[in-house]
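# An overview of the molecular structure
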Amino acid sequence: MLDIRYELTQQKKDKPDPQKLGFGVHYTDHMFIVDHTEGIGWHDARIVPYAPLQLDPAAMTLHYAMESFEGLKAYRQPDGSIRLFRPDKNAERMINTNRRMCLPALPVEDFVQAVKAIVKTEEDWVPSEEGTSLYIRPFVIATEPHLGVRTSKTHQFLIICSPVGAYYSTGINPVKIFVEDEYTRATPGGTGFTKCGGNYAASLISQVKAHELGYEQTLWLDGVEHKYVEEVGSMNCFFKIGGTVYTAPCTGTVLPGVTRMSCIELLKKWGYAVSEERLAIADVMKASQDGRLEEVFGTGTAAVISPVGELRFEDQVAYINDGRIGEVTHRLYDTITGIQWGTLPDDMGWTTGI
Ligand code: COI
């Protein structure tokens, strides 16, 4: 249990127009910080005014990408209360990430306590307009000033919050995806399963390429054979082919998404066949030609459930479901967002109050 000190500001910012939030543009009045020192552990938990960090220019996070992060959301309920979606799953994932990255991790209960404390402090910032939420970004940085490559002796865990609307400017309309066949995102034994900034930094070149070609995001193939589908830039990816729903297995190169996990649980509950076997991109394109590629969608905390309308792989283009949102995609979107925003009963026991 963290002993959190509060240093609250009287200088509150103006709230942004809830109709024009975008994603990750506005930040709330406060942030959560707790320090970690080798030999001492976590100490000095505090909620302080949101402000630039004091960081030594030699801080190891700046040089060797020694950092990790998480993403989750707080949702305004119809009765005005606020709920979180499976925050314990984010805490568990950060523990797995940090083990791989040699970073200290907060125990699950402390992570959840910190998230609840900052959201409670910033409760006025949780928007209530349809499709909006408060995005919560916990992250860990190595703060020790040292230029030799080794683990850091000091770290900070922080949480910042941002009121958000849709991740894609297209909203819930289908996105166009470019299948990357040149660059790779992850290989076995690497950091593909972690949520570390380096994974995203290394992915940008493909995103730039995709944008230049008129596509919104990249679908990554496996890094060894460039043959099997893995994940999309900021989402896990699902393919409904001939009635079965496929998604890449979480065997080390794919991010174990909380929304991914929740979709699989719902699909199984609804009686769909779900396969987490590897799926070749050639089979996806063939299924499209044969008229068996029924739906493609991405899942993520930021992106929620995002239908994919077009996939381009080399010189082939698959148009999915005539650019319309598929039935399963729609049902998952309605169910997950209904549970999150409290307009449907939380039969799965996924949400928790603050
Ligand atoms: C999330 O969905 O929370 C993510 O972390 C994606 C992010 C890189 C925008």
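A brief structural summary. The structure presented is a predicted model; accordingly, all values stated were derived computationally and were not measured.

## Section: the overall build of the chain
- Counting its secondary structure elements, the chain contains eight helices and 18 strands.
- In terms of C-alpha radius of gyration, the chain reaches 20 Å, essentially the compact-globule figure of 20 Å for 354 residues.
- Taken along its principal axes, the extent of the C-alpha atoms in the chain is 60 × 50 × 35 Å.
- For the chain, buried positions account for 53% of its 354 residues.
- Nonlocal contacts in the chain, meaning residues at least 24 apart in sequence, comprise 70% of its contacts between residues at least 6 apart.
- Surface exposure of the chain reaches about 15400 Å², of which carbon and sulfur atoms provide 50%.
- The positive charge centre, built from 34 side chains, and the negative charge centre, built from 46, are 2 Å apart in the chain.

## Some thoughts on helix α2 (residues 87-101)
- Here α2 contains 15 residues, and its C-alpha end-to-end distance of 21 Å stays within 8% of the 21 Å for a straight helix at 1.5 Å per residue.
- Downstream of α2 by a residue or two, C102 has a phi angle that is positive, lying close to 55 degrees.

## Points about the site of the ligand
- With respect to spatial proximity, the complete set of residues near the ligand consists of F69, G71, Y135, R137, Y167, K195, Y200, S234, T301 and A302.
- Y135 places a polar side-chain atom, nitrogen or oxygen, 2.7 Å from an oxygen atom of the ligand.
- Between the ligand and the protein, one listed contact pairs an oxygen atom with a side-chain N or O atom of K195 at 2.8 Å.
- Expressed as a share of its isolated accessible area of 280 Å², the protein-covered part of the ligand is 90%.
- Residues of the shell around the ligand, tallied by class, amount to five nonpolar, three polar and two charged.

## Describing the packing of aromatic side chains
- Applying the stated criterion across every chain, the model contains ten aromatic pairs.
- By the ring-pair criterion, three or more aromatic residues cluster together here, those being F32, W42, F111 and F157.
- Over the ring of Y215 we find K176, and its NZ or CZ is 5.1 Å from the ring centre.
- A cation sits over an aromatic face here: R278 above Y228, 3.9 Å from the ring centre.

## With respect to helix α6 (residues 258-269)
- Compared with the 16 Å implied by 1.5 Å per residue over twelve residues, the 17 Å span of α6 between its first and last C-alpha is a close match.
- Regarding α6, the residues found buried are V258, T259, R260, S262, C263, I264, L266 and L267.
- Of the residues trailing α6, G271 is marked for its positive phi of about 90 degrees.

## Here's the deal with the nonpolar core
- In this structure, F32, F111, V115, V119, I136, F157 and I159 are the most contacted members of the largest nonpolar core, which totals 34 residues.
- Residue assignment for this core shows that the elements contributing at least two residues are β2 (30-37), β3 (41-49), β5 (72-76), β6 (82-85), α2, α3 (108-121), β7 (133-142) and β8 (154-164).
- Among the elements that line this core, the one with the most residues is α3, at seven residues.
- Of all hydrophobic cores here, the second largest spans 25 residues; its members include C237, I241, L293 and I320.

## Considerations on the environment of K227
- Tracing the sequence through the fold places K227 in the loop between β10 (217-221) and β11 (229-232).
- Relative accessible area serves as the criterion here: at 37%, K227 is assigned to the partly exposed category.
- For the pair K227 and D181, spaced 46 residues apart in the sequence, the C-alpha separation amounts to 8.7 Å.
- Once residues within four sequence positions are removed from consideration, K227 is found in contact with L221, D222, L279, A280 and I281.

## Here's the deal with the packing of α2 against α3
- Close contact between α2 and α3 brings their axes to 9 Å; oriented N to C, the two are set at 125 degrees. Relative to α3, α2 is oriented oblique. α2 and α3 meet at a crossing whose hand is right-handed. Of α3, the residues touching α2 (which contributes P87, D88, N90, A91, E92, M94 and I95) are V108, F111 and V112.
- Grouping the constituent residues of the contact of α2 with α3 by class yields seven nonpolar, one polar and two charged.

## Regarding a nonpolar patch on the surface
- There is a patch of nonpolar side chains on the surface, built from Y64, L147 and V149 and spanning about 310 Å² of accessible area.
- Locating L147 in the fold gives a position in the loop between β7 and β8.

## Here's the deal with the pairing of β6
- Strand direction decides the pairing type here: β5 and β6, joined by three bridges, are antiparallel. Counted as the bridge partner of A74 is L84 from β6.
- With antiparallel pairing between neighbouring strands as the criterion, β5 and β6 make up a hairpin whose turn holds five residues, including G80 at a positive phi of roughly 95 degrees.
- Bridge analysis of β6 against strand β18 (residues 351-353) gives three bridges, and the strand direction is antiparallel. Paired with F85 across the two strands is T351, which belongs to β18.

Rules used throughout
Residues numbered from 1 in each chain as written. Predicted model: local features only at pLDDT ≥ 70, side-chain atom pairs only at ≥ 80, totals over all residues. Heavy atoms only, no water. Helix = DSSP H or I, 4+ residues; strand = E, 2+ residues; numbered from the N terminus. Rg over C-alpha atoms; globule rule 2.2 N^0.38 Å. Buried < 20%, exposed > 50% of the residue type's maximum accessible area, 1.4 Å probe, protein only. Contact = heavy atoms within 4.5 Å. Areas by Shrake-Rupley, 256 points an atom, 1.4 Å probe, with all protein chains shown as cover. Lys, Arg positive; Asp, Glu negative; His and termini not counted. Charge placed at Lys NZ, Arg CZ, Asp CG, Glu CD. Expected span 1.5 Å × (residues − 1). Near = heavy atom within 4 Å. Polar contact = N/O pair within 3.5 Å; in protein donor to acceptor, adjacent residues only side chain to side chain. Nonpolar A, V, L, I, M, F, W, Y, C, P; charged D, E, K, R; others polar. Phe/Tyr/Trp six-rings, centres within 6.5 Å; stacked < 30°, edge-to-face > 60°. Lys NZ or Arg CZ within 6 Å of the ring centre and 35° of its normal. Core = buried A, V, L, I, M, F, W, Y, C linked by side-chain atoms within 4.5 Å. Axes fitted to C-alpha atoms, helices over the stretch in contact; angles between N-to-C directions. Parallel < 35°, antiparallel > 145°, perpendicular 65-115°, else oblique. Left-handed = near helix turned anticlockwise from the far one by under 90°. Patch = residues over 30% accessible without salt bridge, like charges linked within 9 Å, V, L, I, M, F, W, Y side chains within 5 Å. Salt bridge = Lys/Arg side-chain N within 4 Å of Asp/Glu carboxyl O. Pairing = 2+ DSSP bridges.

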